[in-house]
Structures are given as C-alpha cells and as structure tokens.
Amino acid sequence: MITPPYLQKGDTVALVATARKNIDDNLKPTIDLLKSWGIETVIGSTIGLDTNQLAGTDEQRAADFQHQMDNPNIKAIWCVRGGYGTVRMIDLLDFTKFKQHPKWVIGFSDVTVLHNHLNTMGYKSIHGIMPVSVPRATPDAIATMQMALFGNPISYTVSPDPMNRFGKATGELVGGNLSILYSLLGSKSAIDCQDKILFIEDLDEYLYHIDRMMMNLKRNGCIENLKGIVIGAMTKMKDNDIPWGKNALEIIDDVTKKYNIPVIFNFPAGHIQDNRALVMGSTVTIEVNAAGSMLVFNK
C-alpha cells in the first residue's frame with residue numbers, strides 16, 4: 001500500500017463536501033485547530049452549496065474534489081461531513097494526478113466510499129473525525145488525528161469486553177461504515193477481504209438491516225477470508241414493533257462466531273465523540289485476551 005506524504009508545518013489542507021451540504025456548520029473550530037498544528041486551510045467551492053440534501057450537484061462536488069486532488073499545493077483533503085452522496089460522484093473522478101502525487105483523504109461514515117475506492121487502487125487514507133465533529137470530539141480523537149496526519153506511531157489499548165474473541169492476527173486494515181461497505185459490494189470500489197482485518201461501525205440502522213448486511217458479507221465470502229474483525233460503535237440502532245431479538249453487537253457475534261479469528265468489540269471509533277483515527281490500508285496487529293485488546297499500526 002502506498003503511503004501519501006505526511007503533513008509538515010506550513011502545508012495546506014482543503015475542506016470539501018462530497019455528500020451532505022454544509023450550510024450552517026461553523027468551520028472556524030477546525031480552521032483554528034489546523035492553524036494550531038501549523039497547517040493552512042483552503043475552503044472548497046462546495047462549502048455553502050445547496051442542492052436539496054447535497055452540497056451541490058454531483059458534477060459540482062466532483063469538480064471540487066478533482067481540483068483539490070490536482071492542486072499540488074493541497075497536501076490533504078478533509079471531507080467536512082458524511083450523510084449520503086459520495087457514491088454519486090466517485091465515478092466522475094480522474095485519479096491520474098493523484099497517483100502521481102498522492103495525498104491524504106480524511107473522514108468517516110459516507111467517506112467510506114473514498115476509503116474503499118482508494119484501497120482498491122493501493123493507497124492509504126485516514127478514517128477519523130470530520131470538521132463538523134471537531135467541536136464535540138474528545139481530546140483523544142483530535143490527538144490521534146494529528147498523529148495520523150503527521151506520521152506519528154499509533155497504537156490502541158482497549159479495556160476487556162465480555163464479547164471479545166481471543167487471538168492474535170496481522171493484516172491490512174480495511175472497512176469503515178457497514179452500510180456503505182454493503183452498498184459497494186459488486187462494484188469496483190468493493191473491498192477485497194482476503195487476509196484483511198475488517199473494521200466496521202454504523203449509525204441509525206434497523207437491527208434487521210444489520211443482520212441483512214452481515215449476512216451479505218458472509219455470503220460474499222468476505223468474513224471467511226478475514227484474519228480479524230474490529231467492531232466500532234453501533235450508534236442509535238432502531239428496532240421494529242416486533243423486536244428482532246438481538247442487539248447490533250449480538251447480531252455481528254452470531255454471524256461471525258463460527259470463524260476462528262480474533263474480534264474486538266466496542267472499539268472507540270465511529271459515530272461517537274471518541275472517534276479515534278485509523279489509517280486504512282496500513283498493516284496492523286490485533287491481539288485480544290482476558291486483559292483487553294490491542295491494535296498496533298505496524299506500517
């Protein structure tokens with residue numbers, strides 16, 4: 001996997017909207033944060049555009065992202081928010097200049113489209129907080145984002161969870177939002193699960209939807225080929241009038257329990273304030289035992 005150049009003081013980061021519009025959110029906290037790191041900010045042309053739910057038309061969002069990819073002065077592209085819409089513009093992008101001069105693409109949730117598309121091309125990216133979540137993010141979430149961008153070593157130690165499955169594994173970290181992963185299956189942006197460590201999280205889904213998505217991953221041969229699974233926050237899950245009978249974590253456990261691989265439950269990443277940074281495409285080692293679990297980025 002190709003690692004884009006890490007940021008240095010004096011570099012410039014572009015803030016863009018690839019999905020939901022950004023009309024009322026104040027980006028000053030993010031600009032101030034980047035300034036405290038010695039980083040300049042460029043505001044993309046999609047910030048403030050309003051096309052129903054989206055930040056402009058598909059063509060406008062693609063053009064903004066394309067401009068930031070092709071601009072040699074931009075060293076990273078930080079998507080301001082998620083929602084839905086990145087998949088509508090992904091096929092409008094030309095990655096020719098990106099391949100010549102790769103840069104970090106940052107975000108989570110709907111940005112999973114970009115993470116997985118870049119992964120299939122052989123490039124790392126950063127799953128972590130977005131500008132709209134900076135004011136609510138924990139100090140650890142912010143600190144680990146800075147560490148990831150500047151190339152400082154990252155490792156995580158997580159308290160024991162009764163659902164954890166013990167073991168140790170090393171592999172490339174892939175994944176992101178479960179709903180997005182599910183929607184990308186069968187496309188050229190779908191992840192290859194062979195010998196990977198899969199990270200998943202989700203927000204505001206019906207429990208039976210979680211079961212359906214996990215079953216699809218299973219039937220596509222993804223789960224059986226994994227070396228391990230890291231499960232982040234499953235936030236604000238919903239149920240029907242007739243209960244499904246299991247919560248989201250129990251559903252994931254039920255679908256994956258036949259496979260002899262380590263699994264970390266309740267990892268601090270996803271749609272929560274403590275959304276720790278993950279360098280997708282990196283080789284990581286996870287170790288799970290009675291004392292807790294570790295996730296270490298090797299390279």
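I will try to describe carefully the structure that is included in this document. (Residues numbered from 1 in each chain as written. Predicted model: local features only at pLDDT ≥ 70, side-chain atom pairs only at ≥ 80, totals over all residues. Heavy atoms only, no water.)

### Section: empty space enclosed by the protein
Then comes step 1: Using the criterion set out here, one finds one cavity of 30 Å³ or more in the structure.
Then comes step 2: Taken together, His115, Asn116, Asn119, Val174, Gly175, Ile191 and Met280 form the lining of the largest cavity.
Then comes step 3: At the level of elements, helix H5 (112-121) and strand S7 (167-177) are the ones that each hand at least two residues to the lining of the largest cavity.
Then comes step 4: With three residues, H5 is the single largest residue contributor to the lining of the largest cavity.
Then comes step 5: Here the lining of the largest cavity is composed, by residue class, of three nonpolar, four polar and no charged.
Then comes step 6: When residues of the lining of the largest cavity are sorted by domain, at least three fall in each of domain 1 (12-150) and domain 2 (155-297). (1 Å grid on protein atoms, 1.4 Å probe; cavity = no way out; pocket = protein on both sides within 12 Å on 5 of 7 lines; lining within 4 Å. Points joined across faces, edges and corners; volume = space filled by probe spheres on them. Helix = DSSP H or I, 4+ residues; strand = E, 2+ residues; numbered from the N terminus. Nonpolar A, V, L, I, M, F, W, Y, C, P; charged D, E, K, R; others polar. Domains from an automatic or database assignment.)

### Here we look at helix H2 (residues 58-70)
Then comes step 1: Compared with the 18 Å implied by 1.5 Å per residue over 13 residues, the 18 Å span of H2 between its first and last C-alpha is a close match.
Then comes step 2: Among the residues making up H2, those that are buried are Asp58, Arg61, Ala62, Asp64, Phe65, Gln66, Gln68 and Met69. (Expected span 1.5 Å × (residues − 1). Buried < 20%, exposed > 50% of the residue type's maximum accessible area, 1.4 Å probe, protein only.)

### So, the state of the cysteines
Then comes step 1: On inspection of all chains with the given rule, the structure shows one disulfide.
Then comes step 2: In this model, Cys193 is linked to Cys222 through a disulfide, with the two sulfur atoms separated by 2.0 Å. Note on the Cys193 and Cys222 pair: the S-S dihedral is about -80°, so by sign convention the disulfide is left-handed. Taken together, the residues span a long stretch of sequence, with Cys193 in the loop between helix H7 (178-184) and strand S8 (196-203) and Cys222 in the loop between helix H8 (207-219) and strand S9 (228-235) at a distance of 29 residues. (Disulfide = S-S within 2.5 Å.)

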